[in-house]
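A closer look at the structure
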Amino acid sequence: MYTQPPRIVVRKHYAVLFLLASLIFYFSFLFPASAEHAPSAPVQEVAPFVRVVTLPVNDIAYDKVSKKIFASIPSAAGPSGNSVVEIDPVTGAPGAPVFVGSEPNKLAISDDGQAIYVGIDGAAAVRRVDVASHTATTQFRLGSDPGGGTFWTAGDLAVVPGNPNAVAIARVQPGLSPPGKGVAVYDNGVQRVNTTPNSGGPSYIAFGTNATTLYGSVLFSGSLQKMTVDASGVASNGFGPS
């Protein structure tokens, strides 16, 4: 019987977010490769519905491997706060929280589903979570302003495609406008030598179709920056998607 997939809603600071990640989950098994050989059956339409999870979160990310949603939970959530929680998009049930540190925020998941990286804003750091064992592992700092000494936090993260041990991070300085302080790549918490200039850098980043091209957006500028990633680090390569 065909059932139309539900949409999942998570309340972020008790505001409703519509999460379409569950669509991917459902269509991955509703149409298996062997379906053409299966006997036909009547199709019964079922009205779509919304599942609501009352949970304060700072960020969410969908893992295409485990087909689960992961959320960073602030300290305001109480006993389950300062953690990363796995949510089943079918039932809406959250799993056991994994404590990661003070005020977890931005999330990024490796394409093989092995690792989650989470920005720990309260510690001006980033921490890795091992998905299989549900344990928090390596934690590392992102640097600070040479003049004022203000520590940088993670404005955005992007795991290097094909490499769960490497993550690109858009570093930002709270209270600065624009806040970008350069993009750096870290291998198991160790920074590669080359970074983009730490003045007016991107606040949001995402890899293109391969592990060598990274795109970034500078807050308030409206421009798209292109960057090249290699073993030595990351370098700015102009603007635009070409």
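Residues numbered from 1 in each chain as written. Predicted model: local features only at pLDDT ≥ 70, side-chain atom pairs only at ≥ 80, totals over all residues. Heavy atoms only, no water.

Concerning the overall build of the protein
As a reminder of what qualifies: Note on conventions: DSSP H or I runs of at least 4 residues are helices, E runs of at least 2 residues are strands, and numbering of each starts at the N terminus. In this scheme, a residue with accessible area under 20% of its type's maximum is buried, one over 50% is exposed, and one in between is partly exposed, where area comes from a 1.4 Å probe on protein chains only. Here, residues are in contact when the closest pair of their heavy atoms is within 4.5 Å. We get accessible surface area from the Shrake-Rupley algorithm with a probe of 1.4 Å; when it comes to residues, only the shown protein chains can shield them.
If you tally the helices and strands in the protein, you get one helix and 19 strands. Each of the 242 residues in the protein was classed as buried or not, and the buried ones make up 43%. Restricting the contact set of the protein to residue pairs at least 6 apart, pairs at least 24 apart contribute 39%. In the structure as shown, the protein presents an accessible area of about 11500 Å², 57% of it carried by carbon and sulfur atoms.

Digging into unusual backbone geometry
Here the amide bond leading from Ser177 into Pro178 is cis, since omega sits at -5 degrees, within 30 degrees of zero. Along the chain, Pro178 turns up in the loop between strand E13 (166–172) and strand E14 (180–187). Of note, Asn82 is a non-glycine position whose phi angle comes to about 55 degrees, a positive value. Relative to the helices and strands, Asn82 resides in the loop between strand E5 (68–73) and strand E6 (83–87). The phi angle at Asn188 is positive, at roughly 50 degrees, despite the residue not being glycine. When you line up the elements, Asn188 lands in the loop between E14 and strand E15 (190–191).

Remarks on the side chain of Gln173
When you line up the elements, Gln173 lands in the loop between E13 and E14. Take Gln173: its relative accessible area is 9%, and that puts it in the buried class.

A short note on the sheet that holds strand E11 (residues 135–141)
Put simply, the test is: Here the rule is simple: two strands pair whenever DSSP picks up at least two bridges between them. Throughout, an axis means a line fitted to C-alpha atoms (over the contacting stretch in the case of helices), and angles, computed between N-to-C directions, take values from 0 to 180 degrees.
If you trace the four strands from one edge of the open sheet to the other, you get E8-E9-E10-E11, paired in antiparallel fashion. Only two strands of the sheet have a single neighbouring strand rather than two, namely strand E8 (104–109) and E11. When strand polarity is set aside, the average angle formed by the axes of neighbouring strands in this sheet is 25 degrees.

As far as function goes, none of this settles anything; it's purely spatial.
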